[in-house]
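Now for the letters of each chain:
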Amino acid sequence: MGWVPVHKADNVPVWKNIVYAFKILFKCSKTYMIWHIIDLCVYILFINFFQSVLFLRVLLGILEGNGDFKYYVKTLVLFLASGLIYEFISTFSDYKCLVGEKKIFKALNNRIFEKAAKVDISCYEDPVFYDKYQRATEILTGGYFSAYSYAVANIIGSIIAFISVIGIVASVDAVFLLFLLPIFIILPLEILKSRAVYNRDCAMTPNNRIKAYTQRTVFLKDFSKDIRTSNIFHVIISRFNRAIQSNIEIIRKYGLRLFLMGMTRSFFSEFVPIAGTYAFAGYRFLYTDTLSVSGFSVMLSSINSIRNVTATVANNFGELSAVSLYFQNLREFFEYESVVVSGEKEPAEFESLEFKHVYFRYPSAKKDSLQDINLKINKGETAAVVGINGAGKTTFVKLLLRFYDVTDGEILYNGTNIKEYNTEKLRLKFATVFQDYKTFALSVNENVMCKNCTEDDKRKAETALKQSGAYEKIASLENGADTVLTKEFDENGAGLSGGEAQKTAVARMFASHFDVAILDEPSSALDPIAEYKMYENLILATKDKTVIYISHRLSSAVLSDRIFVLENGTVIESGSHFDLMQSGGKYAEMFALQASSYKKEVPADA
């Protein structure tokens, strides 16, 4: 199951998502929803029933002679006591809700991050994934889980208040209830409005991603030099402006529809109930003499309270409907099933790796990236997969690590298809240095060891840094290997050059336990001398290990037992360096060209 297309609101199961939202929030915090409901129920009952209707009725009744001062004092004390109880419950529930909100934020964030870390790599090359992922995170960043809880609590509290006040109105004259019937028209209207808002927001999501990308790019150090030395800034800004303009057009598209819905809602929820109630109550009071002053006042107050709580129910039901549409994205995100499915076998110590008639085509691509790849690498061998950029070398690594599965053919680890192995444990058999290596805003030690470091871990990191050639630079930093890379979170942090950063990435390999080392362009940022030293250390560190070099620079190929030359996604030559040079084919041509370029770099008086 891959990513499904973005849903229009008409196709989203609202009630299913409302129930799903309740379950997931309850799982994250079992008390958050309860305290929200208690808080708003007490508030709505106090404001719309005790304060606006019940106390007013008692007070006006006393003025009309239906009670004495002692009764009034008792009523007043009861009212004040209920107010104190309300304040206590409100303050305490606010505290409990705040604590629950933090728990939910933490639990949901962790679940989203864990899911994002496990989805197929192909998802990161699919714009639909980013839209889904962004909408899933909006549950937190947009405060939708708080809005959901608030809406549920408001609806429950308003329904309780509605039932309470209805009894007061019916006791005066049930005819007044007829003027409230138009309010119920706004319930379906709010649902339609929430769907329109959701569809509008969905249409704006791709543009919002462009906006976010622009904001991120302009402020990142990685892009600062290019922005200042080229015209690319104006290109980025023009794209940003087009995204803004597109959003404006989307807002205009939905604007008239939402305006008419808002006006219709106001007519049925405000004008009809108030005008009808005031007109009928005035008629009863002035011409029929069947409504007392207290009855008149209580009736108007009651009708207004009912209108408020009914409007609150309608508004929050619409809000609940809208929020549930966002929970649809979260539900689909969590329910996504990877295309690359892990097996159950435990991988044994490495003996051999074989590609048998492997074909691969990227999703939505028109042609294969790899075609009929056949090669075998045995334990203890050093192999090089070489070729010009675009030949399919990095795709070879992605398939080997099961970031993707082959389109056809099979990859065998110790003679068994890699699909049968536990994917996470299989990957641990390989120590990989990627071409697009990354360092993180963590200490050098943590970057190397990939965990919180003990003193023993730090000693291992030091050894690994020495083997990769990065130690001298790292030791010169103020805090040594405890220095945080980048200044994003630490003003005492340090930035590394491309070459030093790559050496630090290579140090991760030296620090890990592995059967097979995979080095994807491991020296792309290094000068020839640093490259030679690194390979010298690699030979020592990987003695009796299996090493696979992926490179378009052939210095690593000379060190290899066997070389596989890729061109246009297929192996066109294989053999040792000596054999391939003797054959005078593509490899010999590439080697001669690179050797001549190295000679040109050597000064004439050297």
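Refer to the structure above for everything that follows.
Residues numbered from 1 in each chain as written. Predicted model: local features only at pLDDT ≥ 70, side-chain atom pairs only at ≥ 80, totals over all residues. Heavy atoms only, no water.

### A closer look at the pattern of salt bridges
The tally for this structure, following the rule as stated, stands at 17 salt bridges. With a closest N to O distance of 2.7 Å, Glu 349 and Lys 379 form a salt bridge. Of the two residues, Glu 349 is situated in the loop between helix 9 (293–335) and strand 1 (352–360) and Lys 379 in the loop between strand 2 (370–378) and strand 3 (382–386); the sequence distance between them amounts to 30 residues. Here the salt bridges share partners, and the residues they tie into one network are Glu 455, Lys 458 and Asp 482. (Salt bridge = Lys/Arg side-chain N within 4 Å of Asp/Glu carboxyl O. Helix = DSSP H or I, 4+ residues; strand = E, 2+ residues; numbered from the N terminus.)

### Section: the sheet that holds strand 10 (residues 570–575)
Pairing within the open sheet is mixed, and its six strands lie in the order 6-7-8-3-9-10. Only two strands of the sheet have a single partner each, and these edge strands are strand 6 (430–433) and strand 10. Taking each pair of neighbouring strands and ignoring which way they run, the sheet shows an average axis angle of 15 degrees. As paired elements, strand 9 (residues 562–567) and strand 10 share five bridges and run antiparallel to each other. Looking at strand 10, one finds that Leu 566 is bridged to Val 571. In the packing of helix 10 (residues 393–400) onto the sheet, the strands contacted are strand 3, strand 6, strand 7 (516–520), strand 8 (546–551) and strand 9, and the crossing angle to strand 8 comes to about 140 degrees. Lying on the sheet, helix 15 (residues 498–511) is in contact with strand 6 and strand 7; it crosses strand 6 at an angle near 175 degrees. (Pairing = 2+ DSSP bridges. Axes fitted to C-alpha atoms, helices over the stretch in contact; angles between N-to-C directions. Contact = heavy atoms within 4.5 Å.)

### Some points on the packing of aromatic side chains
Applying the stated criterion across every chain, the model contains 15 aromatic pairs. The interplanar angle of 90 degrees and the centroid separation of 5.2 Å between the aromatic rings of Tyr 362 and Tyr 404 together place this pair among those described as edge-to-face. Note that Tyr 362 is positioned in the loop between strand 1 and strand 2 and Tyr 404 in the loop between helix 10 and strand 4 (408–413), a separation of 42 residues in sequence. The exposure classification of Tyr 362 matches that of Tyr 404, with both residues buried. (Phe/Tyr/Trp six-rings, centres within 6.5 Å; stacked < 30°, edge-to-face > 60°. Buried < 20%, exposed > 50% of the residue type's maximum accessible area, 1.4 Å probe, protein only.)

### What about a nonpolar patch on the surface?
A cluster of nonpolar side chains, Phe 88, Phe 92, Tyr 95 and Val 99, forms an exposed patch at the surface whose accessible area comes to about 420 Å². Within the secondary structure layout, Phe 92 lies in helix 3 (residues 69–118). (Patch = residues over 30% accessible without salt bridge, like charges linked within 9 Å, V, L, I, M, F, W, Y side chains within 5 Å. Areas by Shrake-Rupley, 256 points an atom, 1.4 Å probe, with all protein chains shown as cover.)

### Let's talk about unusual backbone geometry
Phi at Asp 372 is positive, roughly 50 degrees, even though this residue is not glycine. Note on placement: Asp 372 falls in strand 2. Judged by its relative accessible area of 32%, Asp 372 is partly exposed. The backbone of Arg 402 sits at a positive phi, close to 60 degrees, despite the residue not being glycine. You can see Arg 402 is positioned in the loop between helix 10 and strand 4.

### Here we look at the sheet that holds strand 4
Here four strands make up an open sheet; going across it, the order is 2-1-4-5 and the pairing antiparallel. At either end of the open sheet lies a strand with only one pairing partner, and these are strand 2 and strand 5 (416–417). Alignment of strand 1 against strand 4, held across five bridges, turns out to be antiparallel. Bridging from a neighbouring strand, Phe 355 pairs with Ile 411 of strand 4. Along the sheet, helix 10 makes contact with strand 1, strand 2 and strand 4, crossing strand 1 at roughly 115 degrees.

### Structural notes on the side chain of Asp 405
By the element assignment, Asp 405 lies in the loop between helix 10 and strand 4. On the basis of relative accessibility, which here comes to 19%, the residue Asp 405 falls in the buried class. Polar side-chain contacts of Asp 405 include one of 2.7 Å to the side chain of Arg 402. Apart from residues lying up to four places away in sequence, Asp 405 is in contact with Val 339, Val 340, Phe 360, Leu 399 and Lys 419. (Polar contact = N/O pair within 3.5 Å; in protein donor to acceptor, adjacent residues only side chain to side chain.)

### Here we look at the side chain of Arg 508
Mapped onto the secondary structure, Arg 508 falls in helix 15. Dropping the residues within four chain positions of it, Arg 508 is found in contact with Lys 438, Thr 439, Phe 440, Asn 447, Val 448 and Cys 450.

### Details of the environment of Thr 407
When you line up the elements, Thr 407 lands in the loop between helix 10 and strand 4. Between the alpha carbons of Thr 407 and Val 358 there is a distance of 7.5 Å; along the sequence they are 49 residues apart. Excluding residues within four positions of it along the chain, Thr 407 makes contact with Tyr 359, Phe 360 and Arg 361. Among the polar contacts listed, one links the side chain of Thr 407 to the backbone nitrogen of Arg 361, at a separation of 2.9 Å.

Interpretation note: all reported values are geometric properties and have no functional meaning in isolation.
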